[in-house]
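If you want the building blocks of each chain, they are given just below.
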Amino acid sequence: MNVKQFEIPGLSQYAYVISSEGEAIVIDPIRDYNRYLEYAEKQGLTIRYVTETHIHADFASGAAALATATGAELVLSGHDEGELYRYAMPHRTLRDGEELSLGKIKVRAIHTPGHTPEHLSFLLLGEGTDTFEPTALFSGDFLFAGSLGRPDLLGGGETQRLARELYRSVHERIAMLPDEVRVCPGHGAGSLCGSGMSDQTESTLGEERRTQHLFRLDENEFVREILASAPPLPTYYPRMKALNSSGAVDVHEVASPKPLSPGQFNLHMKNGHVTLLDLRRPEAFGGAHIPNAINIGAGQNLSLWAGWLLDPETQILLIGDSGTIEEARLSLLRVGLDCVEGYLAKGFPTWIESGLPIARTRQLSTQEMHDRASSVEVVDVRSDQEWKAGHIAGAKHIMLGDLTKRLQELQSSLPLYVACGSGYRSNIAASLLQQAGFTDVSSMAGGMMAWNAQHLPLGDV
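Computed from a predicted structure; not experimentally measured.

The rules behind these values
- Residue positions are given per chain, counted from 1 along the sequence in the order it is written.
- The model is predicted, so local features are restricted to residues of pLDDT at least 70 and side-chain atom pairs to those at 80 or more, both for listing and for counting; the totals for chains, interfaces and linings are taken over all residues.
- Hydrogens and water molecules were not included; the side-chain quantities draw on all heavy atoms of the structure.
- Whenever a carboxyl oxygen of Asp or Glu lies within 4 Å of a side-chain nitrogen of Lys or Arg, that contact is scored as a salt bridge.
- For the purposes of this entry, the term helix denotes a DSSP run of H or I that reaches at least four residues, the term strand denotes a run of E that reaches at least two, and both are numbered from the N terminus.
- When a residue's accessible area, from a 1.4 Å probe over protein chains only, is under 20% of the maximum for its type it is buried; when over 50% it is exposed; and in between it is partly exposed.
- Here a strand pair is declared whenever DSSP counts at least two bridges between the two strands.
- Of the two site types, the cavity is a set of points on a 1 Å grid over the protein atoms alone where a 1.4 Å probe fits but cannot get out, and the pocket is an open set with protein on both sides within 12 Å along at least five of seven lines, each lined by residues with an atom within 4 Å of a point.
- Grid points are joined across faces, edges and corners, and a volume is the space filled by probe spheres set on the points.
- When residue character is reported, Ala, Val, Leu, Ile, Met, Phe, Trp, Tyr, Cys and Pro are called nonpolar, Asp, Glu, Lys and Arg charged, and the others, Gly included, polar.
- Fitting a line to C-alpha atoms yields each axis, with helices limited to the stretch in contact; the angle taken between N-to-C directions then spans 0 to 180 degrees.
- An angle below 35 degrees is read as roughly parallel, one above 145 as roughly antiparallel, one from 65 to 115 as roughly perpendicular, and any other as oblique.
- Two helices cross in a left-handed way if the nearer one is turned anticlockwise from the farther one by less than a right angle. They cross in a right-handed way if the turn is clockwise.
- In what follows, residue pairs with any heavy atoms lying within 4.5 Å of each other are defined as contacts.
- UniProt positions are given in the numbering used here, feature names are shortened, and annotations may be inferred rather than shown by experiment.
- Here, the term nonpolar core denotes a set of buried Ala, Val, Leu, Ile, Met, Phe, Trp, Tyr and Cys residues that are joined through side-chain atoms within 4.5 Å.
- The directions considered for the arc are those from the helix axis to the C-beta atoms.

### What about the pattern of salt bridges?
Under the criterion given, the structure shown has 29 salt bridges. One salt bridge in this structure joins Glu81 and Arg95, with 3.9 Å as the shortest N-O distance. Within this pair, whereas Glu81 is found in the loop between strand 5 (73-77) and strand 6 (92-94), its partner Arg95 is found in the loop between strand 6 and strand 7 (99-102), the two being separated by 14 residues in sequence. Judged by its relative accessible area of 55%, Glu81 falls in the exposed class. Taking relative accessible area as the criterion, Arg95 reaches 35% and is therefore assigned partly exposed. One continuous salt-bridge network, built from bridges that share partners, spans Arg164, Glu165, Arg168, Arg173 and Glu219.

### Observations regarding the sheet that holds strand 22 (residues 396-397)
Taken together, the five strands give an open sheet; going across it, the order is 20-24-23-21-22, and neighbouring strands pair in parallel fashion. Edge strands, defined here as strands with exactly one partner in the open sheet, are strand 20 (362-364) and strand 22. Sheet topology places strand 20 next to strand 24 (residues 441-444); three bridges connect them, and they run parallel. Within strand 24, the residue paired with Gln363 across the bridge is Ser443.

### Side note on the layout of surface pockets
By volume, the largest pocket is sized at about 870 Å³. Around the largest pocket sit 34 residues that line it, and Gly190, Leu192, Ser383, Gln385 and Glu386 are the ones nearest its centre. Of all the elements in the fold, those that place two or more residues in the lining of the largest pocket are helix 9 (302-309), helix 13 (384-388) and helix 14 (424-435). Ranked by residue count, the leading element in the lining of the largest pocket is helix 13, at four residues. Tallied by class, the residues present in the lining of the largest pocket amount to 14 nonpolar, 15 polar and five charged. Every residue lining the second largest pocket is counted, 19 residues in all, and those nearest its centre are His273, Val274, Thr275, Ile294 and Gln435. Secondary-structure elements contributing two or more residues to the lining of the second largest pocket are strand 16 (274-278), helix 9 and helix 14. A per-element tally of the lining of the second largest pocket places strand 16 first, with three residues. When its residues are assigned to classes, the lining of the second largest pocket shows eleven nonpolar, seven polar and one charged.

### Here's the deal with the packing of helix 3 (residues 158-173) against helix 5 (residues 219-228)
Running from N to C, helix 3 and helix 5 point in directions that differ by 120°, and their axes come no closer than 9 Å. In terms of orientation, helix 3 and helix 5 fall into the oblique class. The crossing of helix 3 and helix 5 is right-handed. Between helix 3, through Thr159, Gln160, Ala163, Arg164, Leu166, Tyr167 and Arg168, and helix 5, the contact on the second element is made entirely by Glu219, Asn220, Phe222, Val223, Ile226 and Leu227. Grouping the amino acids of the contact of helix 3 with helix 5 by side-chain chemistry returns seven nonpolar, three polar and three charged.

### Regarding empty space enclosed by the protein
Scanning the entire structure with this criterion turns up two cavities of 30 Å³ or more. The space that makes up the largest cavity amounts to roughly 60 Å³. Approximately 50 Å³ is the volume attributed to the second largest cavity. Every residue lining the second largest cavity is listed: Glu52, Ser61, Ala63, Ala64, Leu74, Leu76, Met89, Asn244, Gly247 and Ala248. Looking at the lining of the second largest cavity, the elements with two or more residues in it are helix 2 (63-70) and strand 5. The class makeup of the residues in the lining of the second largest cavity is six nonpolar, three polar and one charged.

### A word on the sheet that holds strand 17 (residues 294-295)
Overall, parallel pairing links the five strands, which are arranged 15-19-18-16-17 in an open sheet. Each end of this open sheet is capped by a strand with a single partner; those strands are strand 15 (258-260) and strand 17. As judged from the three bridges shared by strand 18 (residues 315-319) and strand 19 (residues 340-344), these two strands associate in the parallel manner. Within the sheet, the bridge partner assigned to Leu318 lies in strand 19 and is Tyr343.

### Structural notes on unusual backbone geometry
If a residue is not glycine, its phi is most likely negative; likewise, a peptide bond is most likely trans. The phi angle at Glu21 is positive, at roughly 55°, despite the residue not being glycine. The residue Glu21 is located in the loop between strand 2 (13-20) and strand 3 (23-27) in this model. Residues other than glycine seldom take positive phi values, yet Lys346 does so here, at roughly 65°. The residue Lys346 is located in the loop between strand 19 and helix 11 (348-353) in this model.

### Things to note about the UniProt feature "domain: Rhodanese" (unreviewed entry) in the protein chain
Under the present numbering, the feature "domain: Rhodanese" (unreviewed entry) in UniProt falls on residues 270-360 and 372-460. Span residues 270-360 is 34% helix and 19% strand, its end C-alpha atoms 20 Å apart. Taken end to end, residues 372-460 comprises 28% helix and 16% strand; its first and last C-alpha atoms sit 19 Å apart.

### Let's talk about helix 2
The α-helix advances 3.6 residues per turn, and as a result positions three or four apart in sequence lie on the same side. Buried within helix 2 are the following residues: Ala63, Ala64, Ala65, Leu66 and Ala67. Turning to helix 2, the residues buried within the fold contact strand 3, helix 1 (34-43), strand 4 (46-51) and strand 5. One or two residues past the end of helix 2 sits Gly71, with phi positive at roughly 80°.

### A closer look at the nonpolar core
Core analysis: the largest hydrophobic core is formed by 78 residues, its most contacted members being Tyr36, Leu277, Ile296, Trp305 and Leu400. Each residue touching Ile296, except ones within four places of it in the same chain, is listed here: Leu277, Asp278, Leu279, Leu302, Trp305, Ala306, Leu310, Tyr424 and Ile428. By size, the runner-up hydrophobic cluster in this structure holds 22 residues, among which are Leu125, Ala163, Val170 and Ile226.

### Side note on helix 1
Along helix 1, the positions that sit buried rather than exposed are Tyr36, Tyr39 and Ala40. Looking straight down helix 1, one finds that the buried residues subtend no more than 100° of arc, so they occupy a single side. Turned more than 90 degrees off the buried face of helix 1, the exposed positions are Glu38, Glu41 and Lys42. If you follow the buried residues of helix 1, they end up packed against strand 1 (2-8), strand 2, strand 3, strand 4 and helix 2. Just past helix 1, the residue Gly44 takes up positive phi, approximately 70°.

Structure representation (structure tokens):
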């Protein structure tokens, strides 16, 4: 028996391949599923089953496409009946207590609603001396190392219902499992599917029972606390739920972006409504960029912020270094952004060489921000938790995901100076503000990390 964990940084997502005697089951595969195929081939495995713990909100699932590609059986929760989001693709349903067998192991479904109504956890049963013994719980977004899944994804009156279901899942549905059972969660620290997750990639039930204070609260206290601690809800989550209910198109069937010369790129810009997505580092974008481009730097945070801030119906044109384009495309596909039409061939230097228009975003030092903060409008785009930990005196707090909805709160007559944790999010914000028509916008290089390193003063919390 073997368990292999796969991580997608940025989304902090974990998928698993469990195998025994040459047969395997894949749990919670992400949309670009080649990694699981490559692993199975290298290990000499036949993928018999593909499943997922629930209808995901934060990324596009690859479960249906992987099952089709391998001929494996797609096995999904049967507890979606009558719910807002239901699986529409052909599949075998799995309900509480039902089991799948492969090799010398069994995988038992446990209905653990709360994060979503249909949520399943999968209990791995290894062959013991006389019977099958529970060894690991693949808990999806129900139970994390250090946290529990947020119950507010469906909104409205469903939130209270799901919070109470989550309480019962903790205190009733897994109560019979021994402390030594490993907890293999669907996410780690950094995911917005829960708050306060540990950096640990796995845990045990005993550890979570001992250390999570939520386990020790009565039901009403539990509901109040789990709802009060929920992180910001990305606006793209309902779109992902709808996409995953019907099944995302196989990534291999999505057209690849075309390389475009500066002239062709400029023509695309003029001929239609497009999103210009600049993948370069903040300092490169600040030095020069194509007017109205949005700067979301390539790397592990691209999926989250692109999913949150970009329109999925608008064609996207990419600007970046040649080595970043394909990985950026995959990052966008992971959050259902399939409309990547093309990219600037040979990168931004070709635009400069062509003499086409450019814009700039000033990158301020922390000392410049400190010296001028009283005469400008400072906008802090970090999370509530980061803001409460310390911020610049007089700053206005608008979390980045809310910025485009709150532009009317900003004074267009004053220069806008934007701050975040490291400079990544402030540059995204500055590019959005410039696109919205604000002309005097600057981003603080290094963010509050640099500010605090210089021991500059903080405002009252």
